[in-house]
Every structure is written in structure tokens, then in C-alpha cells.
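Per-entry structural report
One-letter residues, chain by chain:
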Amino acid sequence: MTYYAQCHHYMQDLQKELNKCANAVDTSNPDLESSALLSGPMASSSSSSQRSSTLAVAPTKLPVTGTRKAKVLYDYDAHDASELSLSADELITVYTVPGMDPDWLIGERGNKKGKVPVTYLELLS
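Once a new chain begins, its residue numbering starts again from 1 and follows that chain's sequence as written. For a predicted model such as this one, the threshold for reporting local features is a pLDDT of at least 70, and the threshold for listing and counting side-chain atom pairs is 80 or more; totals across whole chains, interfaces and linings nevertheless cover every residue. Just so you know, side-chain values use all the structure's heavy atoms and leave hydrogens and water out.

1. Side note on the overall build of the protein chain
Across its full length, the protein chain carries one helix and five strands. Numbered from the N terminus, helices here are DSSP runs of H or I no shorter than four residues, and strands are runs of E no shorter than two. Put simply, the protein chain runs from its N terminus to its C terminus through helices and strands in the order α-β-β-β-β-β. Across the 125 residues that make up the protein chain, the buried fraction comes to 22%. Partitioning the intrachain contacts of the protein chain with sequence separation of at least 6 by distance along the chain shows that 51% fall at a separation of at least 24. Values of accessible area rely on a 1.4 Å probe in the Shrake-Rupley scheme; residue burial ignores everything except the protein chains shown. Carbon and sulfur atoms form 56% of the exposed surface of the protein chain, whose accessible area is close to 8900 Å². Throughout, exposure labels follow a simple rule: accessible area from a 1.4 Å probe, protein chains only, divided by the maximum for the residue type, with under 20% read as buried, over 50% as exposed, and the rest as partly exposed. The contact criterion used throughout is that any non-hydrogen atoms of two residues lie within 4.5 Å.

Right, here's the structure in full:
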């Protein structure tokens, strides 16, 4: 299967899932029930059995309590006031908060504090 065809199959599957979620949230909205998202040149040839295995991302094990040092791998610009902007190669202190999205940590640099994405960090021991 070509790369394009594989991407097309994944996109169709994602669109179907999105359409199901949208219908579950608000079935009274006819725009959400539209099958226009699922149309395309290969719409009838979609088959999940033709897909290759997907890449599994292992969750990062983080302590629920206590703090750790982390090295910032890439620059990151905060999207809102709850996030902390980062500069590559700096060291910050990070910790988790119960109930918080596991893809984010709370980072502290000096007197500034905010959410930071785990993927931008190398956690140090």
C-alpha cells in the first residue's frame, strides 16, 4: 500500500470517528450528520484490515508527588496565560498535579509558573 493510500485510509477512519462523536453530542444539528466529510475518490475502498500496525506511544512514568528537574529540548511559546514559555537548553523544575492531562506538567522557572508540554522536556533524575 502506498504512503498516500495509507494516509487516506487513516484520514477516513478519523473522519468517521469525528462524525460519530459529533452525532453523539448533538444529533439535532443536521450539519454534523452530513456525510460530506466522508466523501472522496477512494471512499468506497476504505478497509481497516488493510492498515498496517500503528505506532504505540508509551506513557511517561512521572511521580505524582515531588518535583524533578527537566532540561528543555525545544523553544516553546506559551499559547495563553496558564502556560510557561520555554527556551531550549534551559533547566526548569517540574511537577504533576492530580487530575491534570498526563501530556502536561507544571513548570517553574524563578518566580514564573505554568503548564509545559512533556514532549518538550528531558526529565532528569
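2. So, the packing of aromatic side chains
Each aromatic ring pair is described using two quantities: the centre-to-centre distance and the angle formed by the ring planes. Ring geometry is summarised as follows: Phe, Tyr and Trp rings, the Trp one being its six-membered ring, pair when their centres sit within 6.5 Å, and such pairs are stacked at plane angles under 30 degrees, edge-to-face over 60 and tilted between the two. Inspection of the entire model under this criterion finds three aromatic pairs. Between Y74 and Y120, the aromatic rings sit 5.7 Å apart at their centres with planes inclined by 90°, giving edge-to-face as the arrangement. Here Y74 is found in the loop between strand 1 (68–72) and strand 2 (91–95), whereas its partner Y120 is found in the loop between strand 4 (112–117) and strand 5 (121–123), with 46 residues between them in sequence. Judged by relative accessible area, which is 47%, Y74 ranks as partly exposed. Among the residues examined, Y120 registers a relative accessible area of 24% and is labelled partly exposed.

That is the geometry; function is a separate question.
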